[in-house]
Amino acid sequence: MRGSNVEQVFAPQPVTVEESDATRERRRLYGQDAHGAESSTRCKQRSACDNNGSNDHVLLPSGHHTSEYIEKTLVTTEPSFTEGLGAVIAKHFAPWPVDVVLSTGPGALILSHCVARAHPSRPIVVYGIKGLVSGHRKVTLPVEFQKLIRPETHVLLIEDLVSTGSTLNLLTNLVEQTGAEVVGVGCLWRRTSVDLGGRPVFSLVSRDFPTYDPPDCPLCKKGVPLNEEFVRRRAHRRPSTIKGPKTP
């Protein structure tokens, strides 16, 4: 998706992108719908009702509760569509010099490649690894990337979904510890108005629906059963190999 098609992302209607002949043929063989409303970021959202029929009380991987869940892993499954989304984010941050695009997670990493390719500064792409260190969440850079973020390096953070902002804050701390500068944050979906230290934030979709700590959750107080499906999915993923420092 290039040129005038990029501007369609800003329109209220769903985004439509051009497909290759091979993609159209694949869809014909497998009976899939073409790009259109199904390629809209909004269609990647899945409420618990879609999976449970009536349960709209969802446990998030962060431990918070909410009434909606976004299936963010589906957003970047179409390369041409993702390329267009990355181009829009890159266009917004074009006035800023960017040396490095930094992200975590597979979906955000795919998007960050698309942003880096479209940004006029032609930045490099690196990623951080999320894990637990001594019981606390932390993001670390692989050793081979550590020399790429130095003092005065301009870093653009990319995420697919921003919920609590905790991952972005960890990335920001990681960057600032090296003496580099975070020039902004780009994301597909920003679901809460979190404070990111006054840095420029650009999201393709902004929809503010609340998350709750379990003791304050109104759905818990109403006795609505808790849907733990999405957390169970993550339990099957391979755990991080990051280990905390050895105690003397």
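Remember, it's a predicted structure, so these values are computed and weren't measured experimentally.

Visitor: A description of the overall build of the chain should follow, citing residues and the corresponding values.
Guide: Counting its regular elements, the chain contains 9 helices and 10 strands. When the 248 residues of the chain are sorted by exposure, 43% land in the buried category. Partitioning the contacts of the chain with sequence separation of at least 6, the portion at a separation of at least 24 is 67%. With an accessible surface of roughly 13,500 Å², the chain has 52% of that area assigned to carbon and sulfur atoms.

Visitor: Break down the sheet that holds strand 7 (residues 136-140) for me, citing the residues and quoting the values.
Guide: Across the sheet, 6 strands lie side by side as 7-6-5-8-9-10; this open sheet has mixed pairing. Strand pairing shows two members of the sheet lacking a second neighbour, strand 7 and strand 10 (201-206), which therefore form its edges. Going from strand to strand, the sheet's axes swing by 20 degrees on average, the running direction of each strand aside. In the sheet, strand 5 (residues 100-104) pairs with strand 8 (residues 154-162) via 3 bridges, with the strands oriented parallel. From the neighbouring strand, Val101 faces strand 8, where its bridge partner is Leu156. Strands in contact with helix 5 (residues 106-118) are strand 5, strand 6 (124-133), strand 8 and strand 9 (181-190); relative to strand 8, the strand with the most contacts, it is inclined by about 135 degrees.

Visitor: Just give me the short version of the side chain of Thr153, but keep the residues and values in it.
Guide: Structurally, Thr153 can be placed in the loop between helix 6 (143-146) and strand 8. A polar atom in the side chain of Thr153 sits 2.8 Å from the backbone oxygen of Arg150. Excluding its chain neighbours within four sequence positions, the residues that come into contact with Thr153 are Asp99, Val100, Leu148, Ala180 and Glu181.

Visitor: Mind laying out the environment of Phe202, listing which residues take part and the relevant values?
Guide: One can find Phe202 in strand 10. Considered as a pair, Phe202 and Val185 are 17 residues apart in the sequence and their alpha carbons are 6.3 Å apart.

Visitor: Residue-level account of unusual backbone geometry, with values.
Guide: A positive phi is found at Arg122, a non-glycine position, where the angle reads about 50 degrees. Along the chain, Arg122 falls in the loop between helix 5 and strand 6. Take Arg122: its relative accessible area is 57%, and that puts it in the exposed class. A positive phi angle is found at Glu152, which is not glycine, with a value near 75 degrees. The residue Glu152 is located in the loop between helix 6 and strand 8 in this model. Classification of Glu152 as exposed rests on a relative accessible area of 69%.

Rules behind the numbers
- Residues numbered from 1 in each chain as written.
- Predicted model: local features only at pLDDT ≥ 70, side-chain atom pairs only at ≥ 80, totals over all residues.
- Heavy atoms only, no water.
- Helix = DSSP H or I, 4+ residues; strand = E, 2+ residues; numbered from the N terminus.
- Buried < 20%, exposed > 50% of the residue type's maximum accessible area, 1.4 Å probe, protein only.
- Contact = heavy atoms within 4.5 Å.
- Areas by Shrake-Rupley, 256 points an atom, 1.4 Å probe, with all protein chains shown as cover.
- Pairing = 2+ DSSP bridges.
- Axes fitted to C-alpha atoms, helices over the stretch in contact; angles between N-to-C directions.
- Polar contact = N/O pair within 3.5 Å; in protein donor to acceptor, adjacent residues only side chain to side chain.

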